[in-house]
4 protein chains.
Amino acid sequence: MVIVTKISIEQSHLDAMVEDFRAKGLEVDIIRGKDSIALGLIGDTHSLDADRLLLNPDVERIMRVQEPFKKASRKFHPQKTVVKVGNASIGDDTQFAVIAGPCSVETKEQILTVANGVKNSGASILRGGAYKPRTSPYSFQGLELEGLELLKEARAATGLPIVTEIMSPALVETFDRDVDVIQVGARNMQNFDLLKELGKCSKPILLKRGLSSTIEEWLMSAEYIMSGGNSKVILCERGIRTFETYTRNTLDLSAIPAVKKLSHLPVVVDPSHSAGMSWMVEPLSLAAMAVGADGIIVEVHNDPKSALCDGAQSLDLCQYENLMQKLKAISVHFGREC
Amino acid sequence: MVIVTKISIEQSHLDAMVEDFRAKGLEVDIIRGKDSIALGLIGDTHSLDADRLLLNPDVERIMRVQEPFKKASRKFHPQKTVVKVGNASIGDDTQFAVIAGPCSVETKEQILTVANGVKNSGASILRGGAYKPRTSPYSFQGLELEGLELLKEARAATGLPIVTEIMSPALVETFDRDVDVIQVGARNMQNFDLLKELGKCSKPILLKRGLSSTIEEWLMSAEYIMSGGNSKVILCERGIRTFETYTRNTLDLSAIPAVKKLSHLPVVVDPSHSAGMSWMVEPLSLAAMAVGADGIIVEVHNDPKSALCDGAQSLDLCQYENLMQKLKAISVHFGREC
Amino acid sequence: MVIVTKISIEQSHLDAMVEDFRAKGLEVDIIRGKDSIALGLIGDTHSLDADRLLLNPDVERIMRVQEPFKKASRKFHPQKTVVKVGNASIGDDTQFAVIAGPCSVETKEQILTVANGVKNSGASILRGGAYKPRTSPYSFQGLELEGLELLKEARAATGLPIVTEIMSPALVETFDRDVDVIQVGARNMQNFDLLKELGKCSKPILLKRGLSSTIEEWLMSAEYIMSGGNSKVILCERGIRTFETYTRNTLDLSAIPAVKKLSHLPVVVDPSHSAGMSWMVEPLSLAAMAVGADGIIVEVHNDPKSALCDGAQSLDLCQYENLMQKLKAISVHFGREC
Amino acid sequence: MVIVTKISIEQSHLDAMVEDFRAKGLEVDIIRGKDSIALGLIGDTHSLDADRLLLNPDVERIMRVQEPFKKASRKFHPQKTVVKVGNASIGDDTQFAVIAGPCSVETKEQILTVANGVKNSGASILRGGAYKPRTSPYSFQGLELEGLELLKEARAATGLPIVTEIMSPALVETFDRDVDVIQVGARNMQNFDLLKELGKCSKPILLKRGLSSTIEEWLMSAEYIMSGGNSKVILCERGIRTFETYTRNTLDLSAIPAVKKLSHLPVVVDPSHSAGMSWMVEPLSLAAMAVGADGIIVEVHNDPKSALCDGAQSLDLCQYENLMQKLKAISVHFGREC
C-alpha cells in the first residue's frame, strides 16, 4: 500500500503515522517528492481500513498495490478450486458444466418435463426459481416453498442436483438441507448479512455478479462467504448494466479471463439473463466456452401452448438440444467435455 | 401500455391476445402499421407482467405509457406526504430537515458529544450507524446492538429522534420498537425480503437510492414498502456510480425535482457519502436546498485527537455550525425554515 | 411512432397536430386513455424530428416503434453487405478477416518486420497508426504523414492492403487516395463533420464504436456515412466504458449478434484495445469468432529489445502465430476460413 | 509516479529501468515488498508516457501521484483565471455570468426577439447554434454560415457578445474572427485536431464536458487548448450519461467544487441540455449558483405559435425573466452579482 500525504504535513504527525504502521508489523519506506510525500508500506496490509486512514486530513490519497481479497486470490492459492456437484466437477479444466432449467418453477408437470428434457440432452444440474426477486411488488414472486418441493421431486425423478436462489437469511438452514447449490442473485451480491450466513453452510454457493459491480467487489463478496468458512464458491457472470438498451444487460465475457487470473474460484456464464433474448443464447454460450468459462447456466422453458421450437426468452427443449450439440462439437478444441 | 407485435402474427393469435386483454377489463385499440401492429391498451395495466408478455414470440416490444408505480405516484396522490419525526415535518414545503451525526457510533462519549453538538447547532434528527455494510469482511462492521443502545442513550440525553441503518429482516422488530426512523442503505434498496418486512412497520423508512438505480427502480422499492402497508417513506438521494473517480459517487441533484414531479414522497439529500470529501459537503448542501430537497442527512464526526476545525471526510462540530448558519441564511429565499 | 399527449390537450390543438401529420403522408390513429392520449403514426416517420415534437407542451412522450436508421437497417436491406479489401471479403459468412499490425508505425524496420510477420502467419490486412488520438497533448502523437508513407512501403513490400486512422476532415482526400480502409476511432464516432466527408469517399470505412455509445448511435453514425453515398462501412466493436477498472474497457461481444440482427453491415472485433492486456487477446479473439464476428483487428508489436515471446500489451509475432493456429482450428466449426 | 514491478524482475532489468529514469532527471526510490517492487519517481513526470511504460512485461501497474494536467492545474497556477467577454468577467468570484439564447438560430426575427428579450432581463452573452451536431443525418443541421450572420446582426442590434458551437477545424479562422466565445460541444471534447487548432485562437473557448468523460479527461482537453497557446478556457458542465432515463443526462453539480479545487479555470453550468425539461431549469440554475459555479448557459426560445408563458424544453422569455429575478435574489448570499 502506498499512502500519499501532503508535503505540508508536520514532522510530528508524520512520525506518529509511521510509528503506528510499524506497530502493526509493517515496514515503512518514505519517499519525499516535491509536492507530496509517499509512504510505501511493506507487509500484510489486508487489515488496514483505507476509509479510516483517509480521515486523517494530512492524507491525500491511498493506492493499493495488492488486491483487498485474500482467500479468493490466486496469488495465495495458485491451484484452481474444483467444486463437485453430482457428476459435475465445476472448475475442472477438462469439463464444461451445463446448468439448465426454467426461470421459475410453475407446475409439477412443467418442472418434470423440463428436467427430463435437459437431462436427456446432457445437463449436469437443474436450475429453477422458487423465490423470485422482482422489481415490482405486483409481479409473480415465485411458488416459494412449494416450488422448492417441486424441485426436490424433479431431482428425485431425474437424479439431477438442483440449484435455486435464496433471498433471505432466514431460509439458509432450509436451503442448506434441501438444495445442492445455493444461488445468490445479482441484487443480493452485497447483502452482507446473507453472505455471512452462507459462509456457515456446507453447500456450494453460486454467486452472481451484481448489476454494476466491479470484479473486485464481486471477489470481495466471495471473500465474505469464504471468510465465514465455506470455500465452495462458484462465480457467475450474468451481465452488467451499461448504456445499451437493446440488450437487457451487457454480458462481460472479458470478466472470465480476468477472474481466472485473479482468483482460483470456478466461474460460469449466464447467457439468458444478460441478453434477455433467446436467439442470443447460442452465440453467447459458444463464446463463453471459447473465452474459457467453466460452464453455463441457461434458461430452458417448456410452454405447452407454443409447442415445438418457438420459445421467446428461454430456449425450448429443441433449441437446447441444438445448443448442446454445438457445444459438444467445439468442446474438444478447448480440451473440455460437456 | 402499447404492445407491438410482428406484422406476420397469425390472425387467430392476435384475436386470442386481444380477447385475453379484454377479459382483464382493458380496452384494446389495434393500429396496423406497415411493418408491425400496435395494440393500445386502455385501463389499469399495473397488474400486467411485461416479462411474461414478452414470452410470446409474436410480441416485439412493450412500451409503457404510465409509470409502473401507483401508491408512490403523484398522479394518484397529488398532495405531498409529510412524515412527522419529533419536531420535524419532513416533506412540509416550509421546513428543511437536517439529520446529523457520525458515520458509526463508536463510544458513549463520542455519540453524546456529537449529539449535543448537532442539537445546539440545530439538527432535527440524530443519525449514527450501528450496523455497517462494509465491502470487506475484514473492515469494522459496527457496534451492532451495543451501538443501538448508545443511540438510545443519546436520544434520552438530547431529545433528538434517532435514525440508523437496518441490514437484516431478522432485526425489523427490534428496530421498529427502538428507533424513530429506519434507514435502508443503498446496497439493500432491492433487498426485497427486507422491504416486505419494513412494509409491516409503524416507523418511517428512510430509503436510500441504490448505487446504480434509476429513479423508477427507486420508486418501485418505495412501492414495495407502501404496498405492505407502511406509507411513511422518505427517499434519500446519496449519489450514484458514474465513471468519475475523483468523487466517490456523483450526487444526482436533478433527481430531486424529478422525484418531486413523479412522487408525493419527501426526498432528502446525503451530501457526505456522495462526495466522500468534507469540503464538498457545504456547497452540495446549499445546492440541495436550492434544488428543492426537503432536507439533508449529513455526517458529523467528533475526533478528540484532531480537535478544533479540521476534520476530513465528516464535518466537525465547528464546520457543522458554519453550515447551519449558511443554510439558515438562504432558507428564507426558498420559503423554508431550518 | 407513438406520440403520447396530455389528456388535457385542447381539441383544437389535437386536431392541428393530427392534420400536420396527415399532411406529411402519415396515417394517424387516436387512442384515448384515462390519463393520456396516444397517437399511433403509420407510415415513414424517419424524417420526423422527435426533439422538435417534444417542444410542444402538450406532448408527454414519444415512443419509436421503428429504428431511426434506414440505410444501415437489415429490415430494408436483408442481404448482408460484403466489403472486399484485397483478398478479404469482410462480411462474407464463410470468411474470417484478420487485420493485424502495430499500434503505431514507429520505424521502417519495425513496420516491415511486423508486416512480413503477420503476412506469413496469415493476416489479410495490415493495420498501423500514423495519426494517434492521445488524451494528453504531451504524449507521442504518431509519425503522421511519414507514418503513412511507411505504411505504403509495407504494402508495396508485402501486398497487404493497409488500414489506418483518420482524425481530421482535412486529410480525407489524402487518405482516400493512399489507404485501403480508412479507420474512424472511437472518440470520433460522433465527429459528424468527419463522417460527412467520409460519405464522399470511395474507400471502405472501419467505424469503431464510441466508448459509451449505444448500438443505435453507432448505427446512426454509419447512417451518416452511408447517407453521403459511401455504403462500404465495416463496424468495429472495441470495448465500452463500464465501471470495471481491471480491464481498460469492457468488450461487448453481445453487440455482435445484436448488430447482425439490426444491420446488414459487417462487424469485426478489436480484442487488443478493449482489454489492454496481451494475455486476454487470445481468449477474446476465439470468443469473437464463436459469437459470430466477421473478423478481428489485433495489435501485433515487434520489440527488438525484448525478443522472443514476451510482449506486454500487443502480441508479439510468436503469440500471433499461435493465435492464428487456434483460430484456424476452430474456424471449421463456424463454417469460416481464416 | 509509482511504478510497481513483478517481484521476479531480473536485477539487470531493474537496474536498466532505474538508470533510464535517472537519465530523465528523476530521482528513484526503490521499495521491495514481498510480492512486488515499487519504484517511487520524484520530479516532473508529466512527460512520461504511462502506456509505453506498461509495454514492459515486468511492469504490473503504474500509479500516478500527480494529475497529468499542468497548465490547467491549480497547483501550478493558484490564482483563478478570469475571462473577460464584453461586460462579463467569467471566473470573477463576485460575478455570475448568464449566457442565454435559443438552441438553434432559426430566423432573423427569432434571434432578434430572443436577443432583445434576454438582454432586457439581464443576460451577459447571447448563445445560439448555427452548426448543430445531430445524431441523425436526417435531422435539421442548423443554418450554418447564415446562422452565424444572423448572430452577428443580433450582436450589432443588442451589443451582446455571441457564443456559438464550432464543429470543424476548417472553420476555426472564421469563428476566431466573427464570434466572441467559441463553443466546443460535448461530442467534440476529444476531437484533438479541433482542440489543437483552437489552441492557436485569440478568442475564449467554452469547453463542454463529454457525455461520459471524467473530470481529468475534461481538464486534459483544456490542457490541449492551453498547451497550444490559448489560456482563455471556460469549462462547461452539461450533464453526463448515466443509467437514468427520466432526465436526458444527469447534471453533475459536484463536478463544480471538484473542478474549482483542481483547476484555476472558470466553470459554468448548462441546466437546459442536461435535464431536457424546461421545468427543471430553474431549480438546477439556483443549485448551480449555490454550488459555486461561475455562471450558467441557458436555452431561451421564442415560439410565436405558443405565445405567453408555456414553452417546453427551453424557457420562454417570461420564464427567463422569472429565473433572473430569483437568481438575483439569492446571489447576494453568495457574494455574486448577476
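Structure shown above.
Residues numbered from 1 in each chain as written. Chains lettered and ligands numbered in written order. Predicted model: local features only at pLDDT ≥ 70, side-chain atom pairs only at ≥ 80, totals over all residues. Heavy atoms only, no water.

Considering the packing of helix α10 (residues 278-291) of chain A against helix α11 (residues 317-331) of chain A
Residues and elements named next belong to chain A. Across the interface, α10 lies against α11 with an axial gap of 10 Å and an inter-helix angle of 25°. Of the possible angle classes, the one that applies to α10 and α11 is roughly parallel. Crossing handedness for the pair α10 and α11: right-handed. Taken together, the residues of α11 that come into contact with α10 (itself represented by V281, E282, S285, L286 and M289) are L323, K326, L327, I330 and S331. Within the contact of α10 with α11, the residues separate by chemical class into 6 nonpolar, 2 polar and 2 charged. (Axes fitted to C-alpha atoms, helices over the stretch in contact; angles between N-to-C directions. Helix = DSSP H or I, 4+ residues; strand = E, 2+ residues; numbered from the N terminus. Parallel < 35°, antiparallel > 145°, perpendicular 65-115°, else oblique. Left-handed = near helix turned anticlockwise from the far one by under 90°. Contact = heavy atoms within 4.5 Å. Nonpolar A, V, L, I, M, F, W, Y, C, P; charged D, E, K, R; others polar.)

Focus on the sheet that holds strand β4 (residues 59-63) of chain A
Residues and elements named next belong to chain A. Ordered by their spatial adjacency, 4 strands build an open sheet running β2-β3-β1-β4, and the pairing between neighbours is antiparallel. The two strands at the open ends of the sheet, each matched to only one other strand, are β2 (27-32) and β4. Neighbour-to-neighbour, the strand axes of this sheet turn through a mean angle of 20°, independent of strand direction. (Pairing = 2+ DSSP bridges.)

A closer look at the relation of the copies chain A and chain B
A rotation about an axis combined with a shift along that same axis relates the two copies of the chain. Note on the copies: chain A fits chain B at an RMSD of 0.0 Å, the axial shift is 0.0 Å, and the rotation between them is 180°. Put plainly, the chains are arranged around a two-fold axis. The position closest to the rotation axis in chain A is occupied by the C-alpha of S212 of chain A, lying 3.3 Å away. Counting the interface residues of chain A, we find that 100% of their copies in chain B are interface residues as well, pointing to one common contact surface. (Least-squares fit on C-alpha atoms with pLDDT ≥ 70 in both.)

Topic: the packing of helix α3 (residues 108-121) of chain C against helix α11 (residues 317-331) of chain C
Residues and elements named next belong to chain C. Close contact between α3 and α11 brings their axes to 9 Å; oriented N to C, the two are set at 25°. The orientation of α3 with respect to α11, classified from their angle, is roughly parallel. In the packing of α3 onto α11, the handedness of the crossing is right-handed. Counted together, T113, V114, G117, V118 and S121 of α3 and L317, Y320, E321, M324 and K328 of α11 form the full contact between these two elements. Residues of the contact of α3 with α11, tallied by class, amount to 5 nonpolar, 3 polar and 2 charged.

Notes on the relation of the copies chain D and chain C
Once turned by 180° and shifted 0.0 Å along the axis, chain D lies on chain C with an RMSD of 0.0 Å. When the interface residues of chain D are mapped onto chain C, 100% of them are again interface residues, pointing to one common binding face.

As for the interface of chain D and chain C
Between chain D and chain C, the residue contacts involve 45 residues of the former and 45 residues of the latter. The junction of chain D with chain C conceals about 3900 Å² of combined surface from both sides, 50% of it contributed by carbon and sulfur atoms. Salt-bridge contacts for R241 of chain D lead to E217 of chain C; the nearest nitrogen and oxygen are separated by 2.4 Å. At the boundary of chain D with chain C, the tally comes to 17 residue pairs in polar contact (both at pLDDT 80 or more). Listed by contribution, the elements that provide at least two residues to the side of chain D that touches chain C are α2 (50-53), α6 (192-198) and α7 (215-227) of chain D. Counting residues per element, the side of chain D that touches chain C draws most heavily on α7 of chain D, at 5 residues. Considered class by class, the residues forming the side of chain D that touches chain C number 15 nonpolar, 16 polar and 14 charged. (Buried area = accessible area lost by both parts, 1.4 Å probe. Salt bridge = Lys/Arg side-chain N within 4 Å of Asp/Glu carboxyl O. Polar contact = N/O pair within 3.5 Å; in protein donor to acceptor, adjacent residues only side chain to side chain.)

Considering unusual backbone geometry
A positive phi angle, close to 55°, is found at E144 of chain C, a residue other than glycine. Counting through the fold element by element, E144 of chain C comes out in the loop between β8 (125-127) and α4 (145-158).

Examining the pattern of salt bridges
Taken as a whole and judged by the stated rule, the model has 64 salt bridges over all chains. One salt bridge in this structure joins E149 of chain C and K152 of chain C, with 3.3 Å as the shortest N-O distance. Residue E149 of chain C and its partner K152 of chain C are both found in helix α4; the two are separated by 3 residues, about one turn of the helix. On the accessibility criterion, E149 of chain C (40% relative accessible area) is partly exposed. Judged by its relative accessible area of 23%, K152 of chain C is partly exposed. Note that K152 of chain D is salt-bridged to D178 of chain D, the shortest N-O span being 3.1 Å. (Buried < 20%, exposed > 50% of the residue type's maximum accessible area, 1.4 Å probe, protein only.)

Thoughts on the sheet that holds strand β1 (residues 2-6) of chain C
Residues and elements named next belong to chain C. Reading across from one edge, β2-β3-β1-β4 is the order of the 4 strands in this open sheet, with antiparallel pairing throughout. Sheet topology places β2 (27-32) and β4 (59-63) at the edges, where each strand pairs with a single neighbour. For this sheet, the mean inter-axis angle between neighbouring strands, taken without regard to orientation, is 20°. Bridge count between β1 and β4: 4 bridges; the pairing is antiparallel. Directly across from I3, in β4, lies its bridge partner I62.

Here we look at the interface of chain A and chain B
With 44 residues of chain A in contact, the opposing surface of chain B contributes 45 residues. Buried area between chain A and chain B, summed over both chains or domains, comes out near 3900 Å², and the portion from carbon and sulfur atoms is 49%. Considering only the side of chain A, the residues that lose the most area to chain B are Y138, R187 and R241 of chain A, jointly responsible for 15% of the buried surface there. Where chain A meets chain B, there are 17 residue pairs in polar contact (both at pLDDT 80 or more). Of all the secondary-structure elements, those providing two or more residues to the side of chain A that touches chain B are α2 (50-53), α6 (192-198) and α7 (215-227) of chain A. Here the element with the most residues in the side of chain A that touches chain B is α7 of chain A; it accounts for 5 residues. A per-class count over the side of chain A that touches chain B returns 14 nonpolar, 16 polar and 14 charged.

Structural notes on the pairing of strand β12 (residues 233-237) of chain B
All names here are of chain B. The buried fraction of β12 is high, at 5 of 5 residues. The side-chain alternation of β12 yields two buried faces, one formed by V233, L235 and E237 and the other by I234 and C236. Relative to β12, strand β11 (residues 205-208) runs parallel, the two being bridged by 4 bridges. Within the sheet, the bridge partner assigned to L206 lies in β12 and is I234. The parallel pair β11 and β12 is bridged by helix α7 (residues 215-227), and the resulting crossover is right-handed. The pairing of β12 with strand β13 (residues 267-269) spans 3 bridges and is classified as parallel. (Right-handed = clockwise from strand over helix to strand, strands pointing away.)

Some words on the environment of A222 of chain D
All names here are of chain D. Checked against the element boundaries, A222 lands in helix α7. Sequence spacing of A222 and P257 is 35 residues, and the spatial spacing of their C-alpha atoms is 17 Å. With residues up to four places along the chain from it excluded, the contact list for A222 reads L207, V233, L235 and L265.

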